[in-house]
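Letter by letter, the chains look like this.
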Amino acid sequence: MLVLLGANGLTGLQVLRLAEARGIPVRPVVRDDRDIERIRGLADVQKLCYADPMVPSALKAVMEGATTVVSCIDPRTCGPGAPIYDGVAAENIVNAARDAGAHTILHVSVMGAYRWSYASLNRRSFYLEGGVRNCNAPWTILRFSCYHDEVIEGHVQPPDGGSPYTFKESSRYAPISRLDAAEAILDLLDRIEQPGRALALGGPRCWTGPELEALVGSRRKGEGRKTHFKPLPPGDVSVEPETTRATLGRVPKGTLQQALAELDGDADPDPGPSTVYPHGDPGAHPADLGGSPRVLSECDADLRWTVHQQLMDDRTSLAVGGVGVSLDFTGARALKRWARVHHGSFPDLENVKLLDAQGAVVHAGGVDWLRDSLADEFFCWWTRPDGRIPERIWLELDLGVQRRLAQDPHHGPRLD
């Protein structure tokens, strides 16, 4: 059971929507019945729970049966007419989740959450994080750079009609959409192997203050007194895309340009290339028979091409040569182990076939893989009788990856 605190916030709402869409059992928790306007229609009233994180005893009942807990409480406010949440609120949530037996506890925060931050929101976030760090529990802090809506509300077109803020020249940001943030939160729930750390996440591009000025200047609307919506904090609160990829296994797709195009009423914005290839998807691999094999249904175009290429590179180990050779995945079976690779997923496989130019089966066997998200490495190959990683792949890995593989429950025992 996923227990979601702050389910009525902008990020919490997206986590709730996505969890429901994925069929994840989720229990949304809000402070009280004055906090449910945004959540109406999104959650079954039978599932909706109320608890004030400032009151430890109120959290015990909502945490019953929790296996994972996501806290999206916002330091700006804790409900209508209520004081601002302080570190005690986050500490209470983490302790209650631990006492309920939750094995993963995620606290959503922001980059730049420091005691000395120029931005009051970031200072408050620092104290919330401090409450989390005080706990002896399997917690993880997810720090997002900033969100698309924060850029728009504070700097482009404030909803209150006030005058928007400009960007500081020395600032750097990596905006991310709330939907991408929600996807990252849910994807990380089952992937955190070492709790007690703060992970940094951002969008697909880092922007400097002058770059953002050039991007949004012509779109600015509002006049008179400065808007009540807060500007982004000054300074460098960015997260490089490479860092996000190493943490999450992919870079989020949603761009700030898309968010601004939607603001302009452009129904078909041009987000630019959405893959790792500079000119878009790579197209079908020459060895790809096409179609939609079930075991490749979670592979995007990039990953599908990579799998075909790596297996074709490894066919020399099978003593299979010649031209016109192709790969047949139609009768393949997926095993239990899966890898998350950028925008797709790939499993261990059985009964993958190599076909010659006439369509005859020249080999049928399993496919093994390794995935190291920290170094962003992915390799797959035809399974060896001894189950080992091919030497040519092993020699390509840096020492850090090799050390991590030695601790891997699948590959580690075979490295002796």
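The sections below set out a description of the structure shown in this document. (Residues numbered from 1 in each chain as written. Predicted model: local features only at pLDDT ≥ 70, side-chain atom pairs only at ≥ 80, totals over all residues. Heavy atoms only, no water.)

### Notes on the overall build of the protein chain
(1) Moving on: Each helix and strand counted, the protein chain has 12 helices and 16 strands in total.
(2) Moving on: Among the 416 residues that make up the protein chain, the fraction classed as buried is 51%.
(3) Moving on: At a minimum sequence separation of 6, the contacts of the protein chain that also span at least 24 residues come to 68%.
(4) Moving on: Accessible surface computed for the protein chain: about 19800 Å², of which carbon and sulfur atoms make up 50%. (Helix = DSSP H or I, 4+ residues; strand = E, 2+ residues; numbered from the N terminus. Buried < 20%, exposed > 50% of the residue type's maximum accessible area, 1.4 Å probe, protein only. Contact = heavy atoms within 4.5 Å. Areas by Shrake-Rupley, 256 points an atom, 1.4 Å probe, with all protein chains shown as cover.)

### Concerning the side chain of His107
(1) Moving on: Here His107 lies in strand β5 (residues 104-110).
(2) Moving on: Every residue in contact with His107, bar those within four places of it in the chain, is listed here: Ser71, Ala90, Leu128, Glu129, Val132, Thr140, Ile141 and Leu142.

### Side note on unusual backbone geometry
(1) Moving on: The phi torsion at Ala319 lies on the positive side, around 60 degrees, for a residue other than glycine.
(2) Moving on: With respect to the element layout, Ala319 can be found in the loop between α10 (301-313) and β12 (326-328).
(3) Moving on: Given the relative accessible area of 72%, Ala319 is considered exposed.
(4) Moving on: With phi around 60 degrees, Asn351 is a residue other than glycine that occupies positive phi space.
(5) Moving on: Relative to the helices and strands, Asn351 resides in strand β14 (residues 344-355).

### Focus: the pairing of β5
(1) Moving on: Burial analysis of β5 places 7 of its 7 residues in the buried class, which makes it a mostly covered element.
(2) Moving on: Neither face of β5 is exposed, since Thr104, Leu106, Val108 and Val110 on one face and Ile105, His107 and Ser109 on the opposite face are all buried.
(3) Moving on: Both strand β4 (residues 68-71) and β5 contribute to a ladder of 4 bridges, which runs parallel. By the bridge assignment for β5, Val69 is matched with Ile105.
(4) Moving on: One ladder, built from 6 bridges, connects β5 with strand β6 (residues 139-144); its direction is parallel. Looking at the pairing, Val110 lines up with Phe144 of β6. (Pairing = 2+ DSSP bridges.)

### Focus on the packing of aromatic side chains
(1) Moving on: Evaluated as defined, the whole model comprises 4 aromatic pairs.
(2) Moving on: Aromatic pair Phe167 and Tyr173: ring centres 6.2 Å apart, planes at 55 degrees, arrangement tilted. There is no split in this pair, since Phe167 and Tyr173 are both buried.
(3) Moving on: Between Arg337 and the ring centre of Trp369, over which it is positioned, the NZ or CZ distance is 3.6 Å. (Phe/Tyr/Trp six-rings, centres within 6.5 Å; stacked < 30°, edge-to-face > 60°. Lys NZ or Arg CZ within 6 Å of the ring centre and 35° of its normal.)

### A word on the sheet that holds strand β1 (residues 2-5)
(1) Moving on: Judged by pairing direction, the sheet is parallel, and its 7 strands sit side by side in the order β3-β2-β1-β4-β5-β6-β10 without closing on themselves. Taken across any chain shown, the strands that pair with only one partner, and hence form the sheet edges, are β3 (49-50) and β10 (198-201).
(2) Moving on: With 4 bridges connecting them, β1 and β4 associate as parallel partners. Following the sheet pairing, Leu5 is matched in β4 by Ser71.
(3) Moving on: The sheet contacts of helix α4 (residues 120-133) involve β5, β6 and β10, and relative to β5 the element is tilted by about 165 degrees. (Axes fitted to C-alpha atoms, helices over the stretch in contact; angles between N-to-C directions.)

### Concerning the packing of helix α1 (residues 10-22) against helix α6 (residues 178-188)
(1) Moving on: α6 packs onto α1 with a crossing angle of 60 degrees between their chain directions and a minimal axis gap of 8 Å. Relative to α6, α1 is oriented oblique. When you trace α1 past α6, the crossing you get is right-handed. Residues Leu10, Thr11, Gln14, Val15, Leu18, Ala19 and Arg22 of α1 form the contact with α6, whose participating residues are Arg178, Leu179, Ala182, Glu183, Ile185, Leu186 and Asp187.
(2) Moving on: A class-by-class count of the residues in the contact of α1 with α6 yields 8 nonpolar, 2 polar and 4 charged. (Parallel < 35°, antiparallel > 145°, perpendicular 65-115°, else oblique. Left-handed = near helix turned anticlockwise from the far one by under 90°. Nonpolar A, V, L, I, M, F, W, Y, C, P; charged D, E, K, R; others polar.)

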